[in-house]
Amino acid sequence: MSGPNLSAWALRHRSFVLYLMIAVTLAGLLSYIRLGRNEDPAFTFRAMVVEAAWPGATLADTLDQITDRLERTLKEVPSLDFLRSTTVPGRTTIFVNLKGSTPPGKVPDIWYEVRKRVADMRHTLPAGVVGPGFNDDFGDTFGIIYGLTADGFTQRELRDRAEAIRKRLLAIPDVSKVEILGAQDERVFIEFSTATLAGLGLDRSAIIQALRAQNAVSPAGAIQTGDETIVLRVSGAFESELDILDVNIAAGNRLVRLRDIVTVRRGLADPPQPMFRVSGTPAVGLAIAMREGGDILALGRDVKRLMAEITTDLPIGIEPVLVADQSAVVDTAIGEFMESLWQAIVIIMAVSIVSLGVRAGAVVALSIPLTLALVFPVMELISVDLQRISLGALIIALTLLVDDAMSTIDAMSMKLAEGATKAESAAFAYRTLAMPMLTGSFVTLAGFIPIGFARSSAGEYTFSIFAVVSVALIASWVVAVLFTPLVGVALLPTPKAATEPGRLVRIFRAGLVGAMRHRWTTIGVTLACFAASIAALPLIPRQFFPSSDRPELLVDLRLPQNASIHASADASARLDAILAADPDVAHWSTYVGRGVIRFYLPLDVQLRNDFFSQLVVVAKDVPGRERLRERLSKVLAEEFPSAVSRIVPLELGPPVGWPVQYRVSGPDLGAVRDAAMRLATTIAADPRVRQINFDWMEPAREVRMRVDQDQARLLGLGSEQIAGVLASIVSGNVVTQMRDGIHLVDVVVRATDEQRVSLDTLRNLQVALPNGRTVPIGQLAVLEEAQEYPLIWRRDGLPTLTVQADVAAGVSPEAVVAGLAATVGRVQGGLPSGYRIATGGTVEESARSQASVFAVVPAMLFVTVTILMIQLQSFSRLALVLSVVPLGLIGIVAALLVAGKPLGFVAILGILALMGMIARNAVILIDQIETERGEGKSIWDAVIAASLSRLRPIVLTAISTVLGMIPIAATIFWGPMAYAIMGGLLVATVLTLIFLPALYVAAFRAEETAHPEAGPPRPAG
């Protein structure tokens, strides 16, 4: 390598380099201690929710006047991928989804743009619209959840305790947010009898006006004197229910006491708000989120310490129960990965020592902690924490970083055997290997470019692989040229004079010469194996991301979409009773009327809906989880036939939901519904498809009041007054608020229970006329039963009904969708123009993620070829190197088939990275061949000499890599990648040392050189 010889410089400045080694080690230890710990790497959720309400509006009016207007504006948002909205009568919820290629740094600016654009069009929405509101806090993960259960305490008392604990939790440095789950707001209900009011000639509006007037907060002014300011206050504010009962209502020329005509009581919100239960017991939850870049282990310790202090002060009967503890999960996971890391380090050290000898092996082994010590500070600098991806990347990097040190020590040992001094050997190693090693490092790094620059959520999720491996490769080169020569000079013995090659080397040489003599046979057999591997590729099952190995199960329970939250509470309570008797259940938590809060980053969070409940069931172990899953599947099918249920382990990678999804879109609701039914019936014939369901489908009952407008107008009434009367009687009107400490308690005026739930009673309701008389509502209107969809999903402005399904055990969604392609195509062919079926679910998300990776592959190839060309300076030699790279597929396919591992997203990333590893070995061998030829050897002899010279470092690197992968090969997440790299690298190493020399002599038409001791050369075959 031209330029200054860094190894010689290091030997001339030994004290300074030794100081650098000590400083780097200490910095690495300090950074390792300070690195954040987490379960998963953070990735940007490129989705925002825009919500708006129009109380009293029909579904059609809400769609046309709210949803459609907002969607037209939101379609102008930059980097928009698609809009997805759900509309119920009087409320719309729109999901704004950005393209996966949107840079994370630009997402906040786009959300500001969304707010600005919606604010600009706000005036075009109908009068009475509440909102729109915005929510873009999807990335908050509430990893620690406590449930407060109470025995003998009211919901209000329990909530007050939760609020007090929340304040103390927010004081912990690593806490960013604390949400309260399952708390029920209080209400003061003023319930009246319509018959009583009519008999007294009272109008409910008079009661409402009196309550508002007395409880109003209005300034009464202030008196300014020469010495002070005296503020005037007017009494009348409600402080309790008794204050309300003491209100008197003017009825004609007399006062009527409110307590004589109504019932006033304090209760919980009716209907209830989303509820939370811990192992079947009603509870109030405290969900704790960590600040960005925090240490979940430190947070867990701090929270546990504080909760222990708080528990001692809690009254008997209130019990905090730890529901979810991500810190414990991370502690266990990091412990297991660190154990795997140490196992890999020990394996690689053992390989180095056994193959190179104690002293030479010790030099290589010392390069591992020195390289890691350089890696940890850079990880801290670029904000890469210790988590699932970065820890696996460290193990992958570990198997690569010893290559440079091995090459350096091998070159030094070879030169020492020739009689050179240690300083001369170190300088020789740098001069001959520094550039090839650096080129090889860059080529290997180029293989990870698709991981680092894939613009998608999955690419962002796995970015740590690129970051950690890149830093480790560059650090290993620095260690190899600066620190390893210094340690080698201190530890390497002076070897004995060169002896005859060992038996293994002689066997390899004989095999190499045979392959070179029969070069075309060697090439033909290799190409045949490559063709066979391509043919066998479809036999490998496909996978996006595997399920987690955590013991939790998510249980979805979705009732018909017109079901009340009371029905959801009853159904989930029945399931609670079943779980309480199951021996494999450790504990569980139940969310009624909403989905589980994001306690785990890749969670597919569900919307708040009265008909939906979700449970997190924690099994005692993973085998117990699978037994429990099987039993629950049968129970849900038998005991909850009207519910759509789903039981799944936690997912890894970006959330997907139902694995098989088909979206049917079109302009007409009825036609979309019919097409979805046909599609569902068609795919149900496939035995691999289970639990077919729809995200919306069934209409719900409703009662329509058809008003005789002429008759109403003659009586001085209109639809607004009639609707107001019905609302105040059936649901109740919030007329004012009572201030109670830090809480605001809504005061609700409504009819008594028996009058609110009967259609017959509604017909006889008395409506007050402007002249003070009353008239029954049945005289003005007719009640009719009808049907309307309770909700409608749209995608990009079109009604969209999604057919969803699960797959049979052992079957991949990719295989199912591929098998159904022809069937779905026939259904699509029968649809009218403007209607389409799109594939969603796992297949769509996997295709998006893979497309983002493959989009970067051309850049990877360009960088790789450019680096190789800089080093090789020859098109023919470049072609030789590139010819070996794809042949690793032989080992990849064989390893995955034998191990029974799927070809998933992470495995594909490993395969792309493997291309760089293979090219690295090939370029070092080709460079050595050119060096041997430059010394005057013939092509034949140069190929043999170079192959023998590079045999030990290439083989040792491959063995170290393969054995170093063993600790993570058994893991669910990293196993497919590990097997792909192990199999591909083993085969590629053999091909680099056998196939590449045969291809080289064939390309340059080299003939075997005669050596007297070897007899006459044999003809080339």
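To start, this report covers the structure provided alongside it. The structure presented is a predicted model; accordingly, all values stated were derived computationally and were not measured. (Residues numbered from 1 in each chain as written. Predicted model: local features only at pLDDT ≥ 70, side-chain atom pairs only at ≥ 80, totals over all residues. Heavy atoms only, no water.)

A word on the overall build of the protein. Per the secondary structure count, the protein includes 34 helices and 30 strands. Projecting the C-alpha coordinates of the protein onto the three principal axes gives extents of approximately 135 × 80 × 55 Å. Here the protein holds 1021 residues, and 54% of them are scored as buried. Partitioning the contacts of the protein with sequence separation of at least 6, the portion at a separation of at least 24 is 80%. Accessible surface, the protein as shown: approximately 43300 Å² in total, 58% of it carbon and sulfur. (Helix = DSSP H or I, 4+ residues; strand = E, 2+ residues; numbered from the N terminus. Buried < 20%, exposed > 50% of the residue type's maximum accessible area, 1.4 Å probe, protein only. Contact = heavy atoms within 4.5 Å. Areas by Shrake-Rupley, 256 points an atom, 1.4 Å probe, with all protein chains shown as cover.)

Moving on to the nonpolar core. One finds Ile145, Leu169, Leu394, Phe448, Ile465, Phe599 and Trp974 to be the most contacted residues of the largest nonpolar core, which totals 263 residues. Leaving out residues up to four positions away in the same chain, leucine 394 has contacts with Leu341, Leu372, Val375, Phe376, Met379, Leu386 and Val468. Core analysis: the second largest hydrophobic core is formed by 40 residues, Leu211, Val247, Ile249 and Ala781 among them. (Core = buried A, V, L, I, M, F, W, Y, C linked by side-chain atoms within 4.5 Å.)

So, on to the side chain of asparagine 693. Mapped onto the secondary structure, asparagine 693 falls in strand β21 (residues 689-694). Given the relative accessible area of 4%, asparagine 693 is considered buried. Side chain to side chain, asparagine 693 and glutamine 804 meet in a polar contact 2.7 Å long. Apart from residues lying up to four places away in sequence, asparagine 693 is in contact with Arg558, Val644, Trp658, Thr802, Val803, Gln804 and Ala805. (Polar contact = N/O pair within 3.5 Å; in protein donor to acceptor, adjacent residues only side chain to side chain.)

On to a nonpolar patch on the surface, then. A cluster of nonpolar side chains, contributed by Leu18, Ile22, Leu26 and Leu29, occupies part of the molecular surface with about 400 Å² of accessible area. Note that isoleucine 22 resides in helix α2 (residues 14-34). (Patch = residues over 30% accessible without salt bridge, like charges linked within 9 Å, V, L, I, M, F, W, Y side chains within 5 Å. Salt bridge = Lys/Arg side-chain N within 4 Å of Asp/Glu carboxyl O.)

Our focus in this paragraph is the environment of alanine 27. Among the secondary structure elements, alanine 27 is positioned in helix α2. Here the alpha-carbon distance between alanine 27 and alanine 373, two residues 346 residues apart in the chain, equals 6.9 Å.

In total, this model carries 11 aromatic pairs according to the counting rule given. On the basis of an interplanar angle of 65° and a centroid distance of 5.4 Å, the ring pair of phenylalanine 453 and phenylalanine 466 is categorised as edge-to-face. Placement of the pair is phenylalanine 453 in helix α14 (residues 449-453) and phenylalanine 466 in helix α16 (residues 463-491), with a sequence separation of 13 residues. Overall, phenylalanine 466 belongs to the buried group, its relative accessible area being 12%. Grouping aromatic residues by their ring pairs yields a cluster made of Trp9, Phe16 and Tyr19. Between lysine 415 and the ring centre of phenylalanine 428, over which it is positioned, the NZ or CZ distance is 4.5 Å. Note that arginine 795 overlies the ring of phenylalanine 82, its terminal NZ or CZ placed 3.6 Å from the centroid. (Phe/Tyr/Trp six-rings, centres within 6.5 Å; stacked < 30°, edge-to-face > 60°. Lys NZ or Arg CZ within 6 Å of the ring centre and 35° of its normal.)

This brings us to unusual backbone geometry. A cis amide bond, omega 0°, links glycine 131 with the succeeding residue proline 132. Note on placement: proline 132 falls in strand β4 (residues 130-135). Residue proline 271 follows aspartate 270 across a cis peptide bond; omega there is 5°. Among the secondary structure elements, proline 271 is positioned in the loop between β12 (262-268) and β13 (275-278). Even without being a glycine, glutamine 691 presents a positive backbone phi close to 50°.

Take the side chain of aspartate 576 next. With respect to the helices, strands and loops of the structure, aspartate 576 is situated in helix α19 (residues 565-580). A polar atom in the side chain of aspartate 576 sits 2.8 Å from the side chain of tryptophan 588. Not counting residues within four places of it along the chain, the set of residues in contact with aspartate 576 comprises Arg277, Gly280, Trp588, Thr590 and Leu615.

With respect to burial, strand β20 (residues 660-665) is a largely interior element, six of its six residues being buried. What you see with β20 is no split at all: Val660, Tyr662 and Val664 on one side and Gln661, Arg663 and Ser665 on the other are buried throughout. As judged from the five bridges shared by β20 and strand β30 (residues 836-840), these two strands associate in the antiparallel manner. Along β30, the bridge assignment pairs tyrosine 662 with threonine 839. (Pairing = 2+ DSSP bridges.)

Moving on, we come to the packing of helix α17 (residues 503-517) against helix α34 (residues 995-1003). Running from N to C, α17 and α34 cross one another at 40°; their axes reach a closest spacing of 8 Å. Considered as vectors, α17 and α34 are oriented oblique to each other. Pair α17 / α34 crosses with right-handed handedness. Residues Leu512, Ala515 and Met516 of α17 form the contact with α34, whose participating residues are Pro997, Ala998 and Val1001. (Axes fitted to C-alpha atoms, helices over the stretch in contact; angles between N-to-C directions. Parallel < 35°, antiparallel > 145°, perpendicular 65-115°, else oblique. Left-handed = near helix turned anticlockwise from the far one by under 90°.)

The next thing to look at is the packing of helix α33 (residues 975-993) against α34. Where α33 contacts α34, the two axes come as close as 3 Å, and the packing angle between them is 35°. For the pair formed by α33 and α34, the contact residues are Val990, Leu991, Thr992 and Leu993 on the first element and Phe995, Leu996 and Pro997 on the second. The class makeup of the residues in the contact of α33 with α34 is six nonpolar, one polar and no charged. (Nonpolar A, V, L, I, M, F, W, Y, C, P; charged D, E, K, R; others polar.)

Attention now goes to the pattern of salt bridges. Using the criterion set out here, one finds 41 salt bridges in the structure. Aspartate 140 serves as the salt-bridge partner of lysine 177, at 2.6 Å between the closest nitrogen and oxygen. With lysine 177 in strand β6 (residues 175-181) and aspartate 140 in the loop between β4 and β5 (144-150), this pair connects stretches of sequence that are 37 residues apart. On the basis of relative accessible area, lysine 177 is assigned to the partly exposed category, the value being 23%. By relative accessible area, aspartate 140 is classed as partly exposed at 22%. Residues joined by salt bridges that share partners form a network here, namely Arg156, Asp160, Glu186, Glu241 and Arg266.

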